[in-house]
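Letter by letter, the chains look like this.
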Amino acid sequence: MNACLSDFRVVNPTLRTFSAAEARIAQSSIRFNNLSAAELGYPENVRLLISSEGTTLAIQACDKDDPCAGRTAEDLKGQKKWTTVSNRMLMHIIRTKLGWDSGKTPRRFYGVPWPEQYAILFDLTRAAPPRTRTPNLSVEDMLRTY
């Protein structure tokens with residue numbers, strides 16, 4: 001075998017470019033799956049953030065003293081539940097800003113980890129296709145993430 005290390009890519013198991021976090025935006029609430037809490041390390045508290053354009057939503061770990069601290073993510077450990085944030089006005093703002101119809105069908109979004117900020121980002125301009133649990137990445141696409 002005549003191989004050269006320059007033909008290889010370094011596999012860094014601590015570098016996370018893939019997330020299994022999912023958010024669902026309904027008419028009056030947003031729900032995050034339990035994998036969102038797991039990827040944040042089951043923080044004591046989380047908070048919700050939205051970009052000034054209204055196109056990106058984030059869930060971030062925060063201190064319990066933070067005035068915007070929401071539901072405790074620890075409640076989800078080992079359970080198959082969702083973290084639900086009810087805020088009818090925020091959902092109305094998001095739906096209006098993005099030009100979504102007023103239908104009651106929830107929209108799903110996959111998360112992108114932002115480890116430096118202990119957060120997960122959700123691009124609201126890229127809804128997940130209906131009836132799929134995880135993104136279908138080819139082997140080549142997965143390999144390119146290294």
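Up top is the structure these notes are about.
Residues numbered from 1 in each chain as written. Predicted model: local features only at pLDDT ≥ 70, side-chain atom pairs only at ≥ 80, totals over all residues. Heavy atoms only, no water.

(A) Structural detail: helix α2 (residues 88–97). Looking only at α2, the buried set comprises Leu-90, Met-91, Ile-94 and Arg-95. Take α2 and look down its axis: the buried residues cluster within an arc of 130 degrees, on one side only. Exposed and oriented more than 90 degrees from the buried face of α2 are Arg-88, Met-89 and Thr-96. On its buried face, α2 is in contact with β1 (22–25), β2 (29–33), β3 (45–50), β4 (56–62) and β6 (107–114). In the stretch just after α2, Gly-99 is the one whose phi turns positive, near 70 degrees. (Buried < 20%, exposed > 50% of the residue type's maximum accessible area, 1.4 Å probe, protein only. Helix = DSSP H or I, 4+ residues; strand = E, 2+ residues; numbered from the N terminus. Arc of directions from axis to C-beta. Contact = heavy atoms within 4.5 Å.)

(B) Highlighting the sheet that holds β6. If you walk across this open sheet you meet the seven strands as β3-β4-β7-β6-β1-β2-β5, and the pairing is antiparallel. On the outer flanks of this sheet lie β3 and β5 (82–86), each paired with one strand and no other. Sheet twist, expressed as the average angle between the axes of neighbouring strands with direction ignored, equals 25 degrees. Sheet topology note: the β6/strand β7 (residues 119–123) ladder contains four bridges and is antiparallel. Bridging from a neighbouring strand, Pro-113 pairs with Ile-120 of β7. (Pairing = 2+ DSSP bridges. Axes fitted to C-alpha atoms, helices over the stretch in contact; angles between N-to-C directions.)

(C) Seen up close, the nonpolar core. With 17 residues, the main nonpolar core has Ile-25, Ile-30, Leu-57, Ile-59, Ile-94 and Phe-122 as its most contacted residues. Those elements that place two or more of their residues in this core are β1, β2, β4, α2 and β7. For this core, the element with the highest residue contribution is α2, accounting for three residues. Not counting residues up to four positions away in its chain, the partners in contact with Ile-59 are Phe-32, Leu-40, Val-46, Arg-47, Tyr-118, Ala-119, Ile-120 and Phe-122. (Core = buried A, V, L, I, M, F, W, Y, C linked by side-chain atoms within 4.5 Å.)

(D) Highlighting the pattern of salt bridges. Throughout the structure, instances matching the rule amount to three salt bridges. In this structure, Asp-66 and Arg-47 form a salt bridge, with 2.7 Å as the shortest nitrogen-oxygen distance. With Asp-66 in the loop between β4 and β5 and Arg-47 in strand β3, this pair connects stretches of sequence that are 19 residues apart. Relative accessible area serves as the criterion here: at 17%, Asp-66 is assigned to the buried category. Each of the salt bridges in this network shares a partner with another, and the network as a whole consists of Glu-22, Arg-24 and Arg-108. (Salt bridge = Lys/Arg side-chain N within 4 Å of Asp/Glu carboxyl O.)

(E) The arrangement of the packing of aromatic side chains in detail. Summed over all chains, the structure comprises two aromatic pairs. Relative to Phe-122, the ring of Phe-32 lies with its centre 5.4 Å away and its plane at 50 degrees, an arrangement referred to as tilted. Within this pair, whereas Phe-32 is found in strand β2, its partner Phe-122 is found in strand β7, the two being separated by 90 residues in sequence. Pairing Trp-100 with Phe-109 gives two aromatic rings, centres 5.8 Å apart and planes at 15 degrees, and the pair type is stacked. For Trp-100, a relative accessible area of 14% translates into the label buried. In this structure Phe-109 comes out as buried when scored by relative accessible area, which is 0%. (Phe/Tyr/Trp six-rings, centres within 6.5 Å; stacked < 30°, edge-to-face > 60°.)

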